[in-house]
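One-letter residues, chain by chain:
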Amino acid sequence: MACRLLWASRVASHLRISVAQRGFSSVVLKDLKYADSHEWVKIDGNKATFGITDHAQDHLGDVVYVELPDVGHSVSQGKSFGAVESVKATSDINSPVSGTVVEVNEELTESPGLVNSSPYEQGWIIKVELSDAGEAEKLMDSDKYSKFCEEEDAKH
């Protein structure tokens, strides 16, 4: 891998192309908020959609099962409401905000790999009606989350 990077940098230099050297390569979307447990949330009025981040799915590996809560279930910020099982490990999914589940992504029952291939679009996990919209202010924006992941990865 290091040889490929060095080769690519030399080729880019020869061709006078700028190459950004980045250790952190996960996708982080600007319009979302992020929890330090690697869940994302998109707030839309009093509703919120969430799932696990690209960074989380990358570390988990191929997802083979997603445990979903029932519609009507109450979730609390920072508390587990389900789990993601991959070929490497099983990990709890924590709620980034509190609310009542109004929809679950049933597609994940048949196609749990959507969490890997499309974590922010087709791989969303649940939608909730918010009980406290102010909780989102406790979450990280995209820049803080990117920095958080870089620092976390540097420790390992």
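Reading guide: rules and limits
- Residues numbered from 1 in each chain as written.
- Predicted model: local features only at pLDDT ≥ 70, side-chain atom pairs only at ≥ 80, totals over all residues.
- Heavy atoms only, no water.
- Helix = DSSP H or I, 4+ residues; strand = E, 2+ residues; numbered from the N terminus.
- Buried < 20%, exposed > 50% of the residue type's maximum accessible area, 1.4 Å probe, protein only.
- Pairing = 2+ DSSP bridges.
- UniProt positions renumbered as here; feature names shortened; annotations may be inferred.
- Contact = heavy atoms within 4.5 Å.
- Polar contact = N/O pair within 3.5 Å; in protein donor to acceptor, adjacent residues only side chain to side chain.
- Core = buried A, V, L, I, M, F, W, Y, C linked by side-chain atoms within 4.5 Å.
- Phe/Tyr/Trp six-rings, centres within 6.5 Å; stacked < 30°, edge-to-face > 60°.
- Lys NZ or Arg CZ within 6 Å of the ring centre and 35° of its normal.

### Things to note about the environment of G82
Next up, step 1: Within the fold, G82 resides in strand β6 (residues 80–86).
Next up, step 2: Its relative accessible area of 4% is what places G82 among the buried residues.

### Observations regarding the sheet that holds strand β8 (residues 99–104)
In sheet architecture, strand pairing relies on hydrogen bonds along the backbone and comes in two forms, parallel and antiparallel.
Next up, step 1: Within the open sheet, the 6 strands sit side by side as β1-β2-β3-β9-β8-β5. Their pairing is antiparallel. What marks the edges here is a single partner per strand, and that holds for β1 (33–34) and β5 (74–75).
Next up, step 2: Alignment of β5 against β8, held across 2 bridges, turns out to be antiparallel. Residue pairing across strands places V75 opposite G99, the latter belonging to β8.

### Re the pairing of strand β3 (residues 47–52)
Next up, step 1: Across the 6 residues that make up β3, a large majority, 5, are buried.
Next up, step 2: Bridging between strand β2 (residues 39–44) and β3 involves 6 bridges; their strand directions are antiparallel. For V41, the partnering residue across the bridge sits in β3 and is F50.
Next up, step 3: Between β2 and β3, which pair antiparallel one after the other, the connecting turn spans 2 residues, and G45 there sits at a positive phi close to 70 degrees.
Next up, step 4: By the bridge criterion, 4 bridges tie β3 to strand β9 (residues 126–130) in an arrangement that is antiparallel. The residue of β9 that forms the bridge with A48 is V128.

### Structural notes on the UniProt feature "modified residue: N6-lipoyllysine" (unreviewed entry) in the chain
Next up, step 1: In this structure's numbering, the residues bearing the UniProt feature "modified residue: N6-lipoyllysine" (unreviewed entry) are K88.
Next up, step 2: Relative to the assigned elements, K88 resides in the loop between β6 and β7 (90–94).
Next up, step 3: In this structure, K88 is in contact with D58, H59, L60 and G61, ignoring residues within four places of it in sequence.
Next up, step 4: From its side chain, K88 meets the backbone oxygen of H59 in a polar contact 3.5 Å long.

### A look at the nonpolar core
Next up, step 1: Counting 25 residues, the largest nonpolar core has F50, I52, V97, I126 and V128 as the members making the most contacts within it.
Next up, step 2: If you list the elements that add at least two residues to this core, you get β3, α2 (54–60), β4 (63–67), β6, β8, α4 (114–117) and β9.
Next up, step 3: When residues no more than four places from it in sequence are discounted, the contact partners of I52 are H38, E39, W40, Q57, L60, V84, I93, V115, P119 and I125.
Next up, step 4: With 9 residues, the next largest nonpolar core counts Y34, W40, W124 and Y145 among its residues.

### A word on the packing of aromatic side chains
Next up, step 1: In this structure the tally under the stated criterion is 4 aromatic pairs.
Next up, step 2: Joined through ring pairs, the aromatic side chains of Y34, Y145 and F148 make up one cluster.
Next up, step 3: Across from the ring centre of W124, 4.8 Å away, lies the NZ or CZ of K127, which sits over that ring.

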